[in-house]
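Structural characterization, general
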Amino acid sequence: MTTSSSAADKIRAAIRDIPDYPKPGIVFKDITTVLQRGDLLQQAIDLMAAPYVSGLSRPDIVLGVEARGFIFAGAVAARLGAGFVPVRKAGKLPWKTRKVSYALEYGEDTLEIHMDAIPEKAKILIVDDLLATGGTVGAVVQLIEATGAKLLGASFLIELEFLKGRNKLSPLSIHSVIRF
């Protein structure tokens, strides 16, 4: 069995940097190289779930943020024996929704969840592939706060520390497997 440190190191080594994508000056962290390897995918899921495996930190529901967050959130939910709730972009859910709009670098976006997706007092964990500026997760936090549920924290495969998204989300408990 590998230690969490060596597993994280193997995952980090598999992440591919794509310079100037999606625009000049950005270095995109490509996780498809992790997803295509079953051993690394399983280790990533285990490491993302680890802080929430037992006791009061165990969630009732894991929220996954569209789209890559769905990959990890569903698997983390299954690992923890929790339910999974998708957070989608506007207009993608078929029933009554709760929504929040938030600012992007150039414009605005809207996220939605079903009105009945989160029971009051449920313990919630947010899972996404990457924490950058914190804007998207900040919007998800607003959705959760409107339900009366208890937010346990957020878990990410990757955190881009230089963008200081963690600071924007304070005092939310943040767990990230790999930090760049």
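In what follows, the structure referred to is the one given above.
Residues numbered from 1 in each chain as written. Predicted model: local features only at pLDDT ≥ 70, side-chain atom pairs only at ≥ 80, totals over all residues. Heavy atoms only, no water.

Time to look at the nonpolar core. Looking at soluble globular proteins, one finds that nonpolar side chains tend to be buried together. In terms of nonpolar packing, the biggest core is built from 28 residues, with Ile11, Val62, Phe72, Val76, Val127 and Leu157 touching the most fellow members. Of all the secondary-structure elements, those providing two or more residues to this core are α1 (4–14), α3 (38–49), α4 (68–80), β7 (123–131), β8 (150–159) and β9 (174–179). Looking at this core element by element, the count peaks at 6 residues for α3. Excluding its chain neighbours within four sequence positions, the residues that come into contact with Val76 are Ile45, Met48, Ala49, Val62, Leu125 and Val127. Grouped together as the second largest cluster of nonpolar side chains are 27 residues, Tyr102, Leu131, Val137 and Ile144 included. (Core = buried A, V, L, I, M, F, W, Y, C linked by side-chain atoms within 4.5 Å. Buried < 20%, exposed > 50% of the residue type's maximum accessible area, 1.4 Å probe, protein only. Helix = DSSP H or I, 4+ residues; strand = E, 2+ residues; numbered from the N terminus. Contact = heavy atoms within 4.5 Å.)

As a further point, take the packing of aromatic side chains. Tallied over the entire structure, the rule returns 2 aromatic pairs. On the basis of an interplanar angle of 85 degrees and a centroid distance of 5.3 Å, the ring pair of Tyr21 and Phe28 is categorised as edge-to-face. Positioned above the aromatic ring of Phe180 is the side chain of Arg12, whose terminal nitrogen or guanidinium carbon lies 4.7 Å from the ring centre. Between Lys29 and the ring centre of Phe180, over which it is positioned, the NZ or CZ distance is 3.9 Å. (Phe/Tyr/Trp six-rings, centres within 6.5 Å; stacked < 30°, edge-to-face > 60°. Lys NZ or Arg CZ within 6 Å of the ring centre and 35° of its normal.)

One can find Gly134 in the loop between β7 and α5 (135–145). Residue classification places Gly134 among the buried residues on the basis of a relative accessible area of 4%. Sequence separation of Gly134 and Asn167 is 33 residues, and the distance between their C-alpha atoms is 8.2 Å. Residues within four places of Gly134 in sequence aside, it is in contact with Gly165, Lys168 and Leu169.

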